[in-house]
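Examination of the molecular architecture
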Amino acid sequence: MDVVTLLQHPPDLRRPILLAAFHGWNDAGEAATGAIDVLARELEAKPFAEVDPEEFFDFQVARPTVRLQEGGGRTVDWPLNRFSWAALPGNHRHVVLLDGTEPNLRWRTFTRGILDLAAGLGIDTVVTLGALQVDVPHTRPVPVTGHATDEKVATQLGVRRSGYEGPTGITGLLNHAASTSGLQAMSIWAGVPHYLSGTTYLAGALALVERVTRLLEVDVPLGQLAEEAVAQRDEIAELVADDDDLAEYVSELEERADRSSTTMTGEAVSADELAAEVERFLRDRDR
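Conventions and cut-offs
Residues numbered from 1 in each chain as written. Predicted model: local features only at pLDDT ≥ 70, side-chain atom pairs only at ≥ 80, totals over all residues. Heavy atoms only, no water. Helix = DSSP H or I, 4+ residues; strand = E, 2+ residues; numbered from the N terminus. Buried < 20%, exposed > 50% of the residue type's maximum accessible area, 1.4 Å probe, protein only. Areas by Shrake-Rupley, 256 points an atom, 1.4 Å probe, with all protein chains shown as cover. Expected span 1.5 Å × (residues − 1). Arc of directions from axis to C-beta. Axes fitted to C-alpha atoms, helices over the stretch in contact; angles between N-to-C directions. Parallel < 35°, antiparallel > 145°, perpendicular 65-115°, else oblique. Left-handed = near helix turned anticlockwise from the far one by under 90°. Contact = heavy atoms within 4.5 Å. Nonpolar A, V, L, I, M, F, W, Y, C, P; charged D, E, K, R; others polar. Core = buried A, V, L, I, M, F, W, Y, C linked by side-chain atoms within 4.5 Å. pLDDT = per-residue confidence, 0-100. Pairing = 2+ DSSP bridges. Patch = residues over 30% accessible without salt bridge, like charges linked within 9 Å, V, L, I, M, F, W, Y side chains within 5 Å. Salt bridge = Lys/Arg side-chain N within 4 Å of Asp/Glu carboxyl O. Phe/Tyr/Trp six-rings, centres within 6.5 Å; stacked < 30°, edge-to-face > 60°. Lys NZ or Arg CZ within 6 Å of the ring centre and 35° of its normal.

Some remarks on the overall build of the chain
A count of helical and extended segments in the chain gives eight helices and eleven strands. For the chain, the residues scored as buried account for 51% of the 287 residues in total. By element, 46% of the accessible surface of the chain is carried by carbon and sulfur atoms, the whole surface being about 14,600 Å².

Quick look at the structure:
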């Protein structure tokens, strides 16, 4: 079966590179998919292909959503896996962006379909973006780790190699499949404070976009995202200042981060109630 359906044929792409991120387990704080959204917007990416969700999703788990349209009609939004392409300014090459949703079923077929498309487009490098929960405060730089088949590239990106072992998601599987298929593969992960993982974390998206633009050797306007990240940080600071328990907890994390280099192990922290309070606050602000 053809996993990927072409909506229209893209032009002949010059030295294309694939960037992929998936909503779901691999996307704490929506930092990874947020980075793809920013790149798609700033590079004016054009959609050209998608994956039919019928074969890869359990719709009782990943339910489609219904929304109203102007004029009173309704439309259904299905789990999305969409490809778009863009020219990189001043770089004489193209990028293919995959804005995805982690499927429920048939992961090997799903990844093979993506790599088949990559082969057809002449893509020789696959970069996956992810974000996970870590026990670091929002007042410290976003920790970024990753892996690359070319360790020199990882060093140039300033990415510390992850020592993670354990359950993986579609992001890790795609990266592994690309590597074993002979493609150059790398993954870049941002650490999102545990207590903010349930809301959009703009600082995490900004950290990933900065690493990607360094990799692609392009300048992408990031002023708007940086301003929004600073504004969100100020909102979090207001909440922390108004809650003695939360302030003490964040201070504890700051001391821990300052004492030793932060690891990206995704350890759980004992602050579930405080996390829920922060997430409710930020969701209310977003609305």
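Quick word on helix α6 (residues 223-241)
Look at α6: 27 Å from first C-alpha to last across 19 residues, which is about the 27 Å you get at 1.5 Å a residue. Among all positions of α6, only Leu225, Ala229, Gln232, Ile236, Leu239 and Val240 are buried. The buried residues of α6 occupy an angular sector of 95° when projected down its axis, which confines them to one face. Exposed residues on α6 whose side chains face more than 90 degrees from its buried face are Glu227 and Ala241.

Examining the packing of helix α2 (residues 107-121) against helix α4 (residues 170-180)
It is at 10 Å that the axes of α2 and α4 come closest, and there the two elements cross at 55°. Considering the angle they form, α2 stands oblique to α4. With respect to the hand of their crossing, α2 and α4 are arranged in right-handed fashion. Here Trp107, Phe110, Thr111, Ile114 and Leu115 of α2 come into contact with α4, specifically with Ile170, Leu173, Leu174, Ala177 and Ala178.

What about the packing of helix α1 (residues 31-42) against helix α5 (residues 202-216)?
Any two packed helices are characterised by the angle at which their axes cross and by the distance between the axes. The contact between α1 and α5 brings their axes to 8 Å, and the two run at 55°. Considering their axes alone, α1 and α5 lie oblique with respect to each other. Where α1 crosses over α5, the two elements pack in a sense that is right-handed. On the side of α1, the interface is formed by Ala31, Ala32, Gly34, Ala35, Val38 and Leu39, while α5 contributes Gly204, Ala205, Leu208, Val209, Val212 and Thr213. A breakdown of the residues in the contact of α1 with α5 according to their chemical character gives nine nonpolar, three polar and no charged.

Quick notes on the nonpolar core
One broad trend across soluble globular proteins is that nonpolar side chains are buried collectively. Ranked by size, the top nonpolar core spans 50 residues in total, and within it Leu19, Leu39, Val95, Val127 and Leu129 carry the most contacts. At eight residues, the largest contribution of residues to this core is made by α5. Listed in part, the 30 residues of the second largest apolar core include Phe48, Ala49, Phe56 and Phe110.

Describing the confidence of the model for the chain
Averaged over all residues, the pLDDT of the chain equals 87, while 87% of them reach at least 70. Mean pLDDT in the chain bottoms out at helix α8 (residues 272-286), which sits at 46, and peaks at strand β2 (residues 17-23), which reaches 98. Here residues 262-282 is a poorly scored stretch, pLDDT under 50, and it has 42 contacts once near neighbours within four places are set aside; other chains count.

As for the side chain of Ser187
Structurally, Ser187 can be placed in strand β11 (residues 184-193). You can call Ser187 buried: its relative accessible area is 10%. With near-sequence residues (within four places) excluded, Ser187 lies in contact with Thr128, Thr145, Gly146, His147 and Asn175.

Quick word on the pairing of strand β7 (residues 93-101)
Burial analysis of β7 places nine of its nine residues in the buried class, which makes it a mostly covered element. In β7, alternate side chains face the same way, and those of Arg93, Val95, Leu97, Asp99 and Thr101 on one face and His94, Val96, Leu98 and Gly100 on the other are all buried. Strand direction decides the pairing type here: β2 and β7, joined by seven bridges, are parallel. Residue Leu19 lies in a different strand from β7, and its bridge partner there is Leu97. In this structure, strand β6 (residues 82-88) lies alongside β7, joined through seven bridges in antiparallel fashion.

Brief notes about α4
Among all positions in α4, only Ile170, Thr171, Leu174, Asn175, Ala177 and Ala178 are buried. Along the axis of α4, the buried positions cluster into a sector of 165°, meaning they face one direction only. Of the exposed residues in α4, the ones pointing more than 90 degrees away from its buried face are His176 and Thr180. Positioned one or two residues after α4, Gly182 has a phi angle of 95°, which is positive.

Section: a nonpolar patch on the surface
On the surface, Val66, Val76 and Trp78 cluster together into a nonpolar patch covering about 290 Å² of accessible area. In this fold, Trp78 is placed in the loop between β5 (74-77) and β6. Taking the relative accessible area as the measure of exposure, Trp78 reaches 45% and is therefore partly exposed.

Brief notes about the packing of aromatic side chains
Per the counting criterion, the structure on display carries five aromatic pairs. Centroid distance Phe48 to Phe83: 6.4 Å. Interplanar angle 50°. Geometry classified as tilted. With Phe48 in strand β3 (residues 46-51) and Phe83 in strand β6, this pair connects stretches of sequence that are 35 residues apart. A single burial state applies to Phe48 and to Phe83, both of which are buried. A ring pair is formed by Phe56 and Phe110, whose centres lie 5.4 Å apart and whose planes are at 70°; its orientation type is edge-to-face. Of the two residues, Phe56 sits in the loop between β3 and β4 (65-68) while Phe110 sits in helix α2, which places them 54 residues apart along the sequence. With respect to class, Phe56 is no different from Phe110; both count as buried. An aromatic cluster is defined as three or more aromatic residues linked by ring pairs; in this entry it consists of Phe22, Phe56 and Phe110. Positioned above the aromatic ring of Trp85 is the side chain of Lys46, whose terminal nitrogen or guanidinium carbon lies 5.0 Å from the ring centre.

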